[in-house]
Amino acid sequence: EIVTAKQEWDQEVDDLFQEEKEDGLSQTRVLGEIAKLIGEDAIVVGSSGSLPGDLQRVWRPVKPKTYHMEYGFSCMGYEVCAALGVKMAQPDKEVYSMVGDGSYLMLHSELVTSIQEGYKINVVLFDNSGFGCIENLQNSQGIPSFATQFKFRDPGTRRLTGQDMPISYADSAKGYGAKTYTVRTIDELKAAFASAQEQHVSTLIDIKVLP
């Protein structure tokens, strides 16, 4: 029964990894591609938002100590500094910080420290234009959207219902000295990861995903 259940779940995950969206990239589709791109020895770090839930369900590590997840308190801002700590402990491994744009904004200063100290980390930033996990939690409880989307304030209603803010996290991290990439397609994702693996300085891959 356990073997059958595992086989059924593997098929479910495979289907999620192949999911096509007409208007952009889904987070699970991107995770499936990343799993094929980073290699079995790479270490993945995560913590907060919807990513831990998705990773817990669909990430399939092959080797021990390659999946580092802080899920006790879902601490926003943990991902980048934890990736630096993992890299210091495992300097010969490629380390990937899986982080949402909301959590990244809360704390990412260790990206600068990683560059200063010469510890290369890869920040994989899933940009869904806000705090998507909190938005879903609010909506599931019957609460309208409130301060969870990165939108401009409407000049008429004074509500945060205007256009999405065009934030370039790649441009920001480039200013720190990181090698950066902006991704909107699977081909761009593959090219970014191939290039990032050749770098000797910390990288940031700004992936624009659907809310």
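Remember, it's a predicted structure, so these values are computed and weren't measured experimentally. (Residues numbered from 1 in each chain as written. Predicted model: local features only at pLDDT ≥ 70, side-chain atom pairs only at ≥ 80, totals over all residues. Heavy atoms only, no water.)

1. Considerations on the overall build of the protein
Along the protein, the regular secondary structure elements total 9 helices and 6 strands. The C-alpha radius of gyration computed for the protein amounts to 17 Å, which stays within 12% of the reference 17 Å derived for 211 residues, consistent with globular compactness. In terms of its C-alpha atoms, the protein occupies a principal-axis envelope of roughly 55 × 50 × 35 Å. When the 211 residues of the protein are sorted by exposure, 41% land in the buried category. Long-range pairs, those at least 24 residues apart, make up 65% of the contacts in the protein with a sequence separation of at least 6. Counting every atom, the protein has about 11500 Å² of accessible surface; 53% of that belongs to carbon and sulfur. Charged side chains in the protein number 20 positive and 30 negative. The centres of these two groups are separated by 4 Å. (Helix = DSSP H or I, 4+ residues; strand = E, 2+ residues; numbered from the N terminus. Rg over C-alpha atoms; globule rule 2.2 N^0.38 Å. Buried < 20%, exposed > 50% of the residue type's maximum accessible area, 1.4 Å probe, protein only. Contact = heavy atoms within 4.5 Å. Areas by Shrake-Rupley, 256 points an atom, 1.4 Å probe, with all protein chains shown as cover. Lys, Arg positive; Asp, Glu negative; His and termini not counted. Charge placed at Lys NZ, Arg CZ, Asp CG, Glu CD.)

2. What to know about the pattern of salt bridges
Taken as a whole and assessed by the stated rule, the structure comprises 11 salt bridges. Here Lys6 ties to Asp10 by a salt bridge, and the two come within 2.7 Å at their closest N and O atoms. In this pair, Lys6 and Asp10 are both assigned in helix α1 (residues 2-17), 4 residues apart and thus about one turn of the helix distant. Look at Lys6 and you get partly exposed, because its relative accessible area is 47%. Across the pair Glu94 and Lys120 runs a salt bridge, and its minimum N-O distance is 2.9 Å. (Salt bridge = Lys/Arg side-chain N within 4 Å of Asp/Glu carboxyl O.)

3. Describing the packing of helix α2 (residues 27-37) against helix α9 (residues 186-196)
Two elements in contact, α2 and α9, have axes whose closest approach is 11 Å; the angle formed by their N-to-C orientations is 35 degrees. The handedness of the crossing between α2 and α9 is right-handed. Mapping the contact onto sequence places Arg29, Val30, Glu33, Ile34 and Leu37 in α2 and Ile186, Leu189, Lys190 and Phe193 in α9. (Axes fitted to C-alpha atoms, helices over the stretch in contact; angles between N-to-C directions. Left-handed = near helix turned anticlockwise from the far one by under 90°.)

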